[in-house]
Each structure stands twice: as C-alpha cells, then as structure tokens.
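# Structural description and commentary
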Amino acid sequence: MGAGRLDDAVSALRAAILGAPGVLEPGVRQAIADRMPADPRLDGYVASVAGGGSTLTARHTSDLLAAGCSEDEIFEATLSAALGAADRVRAGGLGALRPSPG
C-alpha cells in the first residue's frame, strides 16, 4: 500500500473511531486518544490500554461495569485509546525516518 493510500486508510479509521455516532461523545473519544482525562471511571483503564494493555484482565472490565460503564462505552474507549497509542508509535517511527537537520 502506498503512503497516500495508507494515510487515507488511517484517516478513515480515525474518522470511524473518533467521529462516528457512538455512546461516548466524539470529544470524549478524542480526549481518550490524546491521553487527556476524559471520564474518571475510564481514565485508569484507558491509560493501561494506551500502555500496551499487557496488564489488563477480565477484572478490569468487571470493575468498569460495576462503576456504571456500559459495554459499548468500554469498547469505544478501548478503540480510542488503542488508536491514540498507534498514532503515537506511527508518528515516532515516521519521525525516525526523516533525515536529521545539518
């Protein structure tokens, strides 16, 4: 896939996750992707997702449900956090490929 097509695909994915109708407001999903506080019930969970998610267990989901989060909210928060993390990794990788000044 060429760079232009990849950029188009990434833009479409971002629009679908962050801008499409959902349970969480688009601004909340954007804040989650940007690692900004968005919902106190979700903040610790999304930080774990953005950090790679290796420590997450079913208990985390159970705790979120007990705190009043819906499954849809958890799903949208997970996608938003993962998208933000992937964007940061991608930007870092592309930055490493650019020639350094001087």
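Residues numbered from 1 in each chain as written. Predicted model: local features only at pLDDT ≥ 70, side-chain atom pairs only at ≥ 80, totals over all residues. Heavy atoms only, no water.

### So, the nonpolar core
When a protein is soluble and globular, its nonpolar side chains tend to lie buried together. Core analysis: the largest hydrophobic core is formed by 11 residues, namely Leu24, Ile32, Leu42, Tyr45, Val46, Val49, Leu64, Cys69, Ile74, Ala77 and Ala81. Taken together, the elements giving at least two residues each to this core come down to helix H3 (43-50) and helix H5 (71-97). Beyond its immediate stretch of four places on either side in the chain, Leu24 contacts Arg29, Ile32, Leu42, Glu73, Glu76 and Ala77. (Core = buried A, V, L, I, M, F, W, Y, C linked by side-chain atoms within 4.5 Å. Buried < 20%, exposed > 50% of the residue type's maximum accessible area, 1.4 Å probe, protein only. Helix = DSSP H or I, 4+ residues; strand = E, 2+ residues; numbered from the N terminus. Contact = heavy atoms within 4.5 Å.)

### Description of the pattern of salt bridges
Following the criterion strictly, the structure yields 6 salt bridges and no others. Notably, a salt bridge pairs Asp87 with Arg14, separated by 2.1 Å at the nearest N-O pair. Of the two residues, Asp87 sits in helix H5 while Arg14 sits in helix H1 (residues 3-19), which places them 73 residues apart along the sequence. For Arg14, a relative accessible area of 25% gives the class partly exposed. For the salt bridge of Arg41 with Asp39, the shortest nitrogen-to-oxygen distance reads 2.8 Å. According to the relative accessible area criterion, Arg41 is partly exposed, its value standing at 31%. (Salt bridge = Lys/Arg side-chain N within 4 Å of Asp/Glu carboxyl O.)

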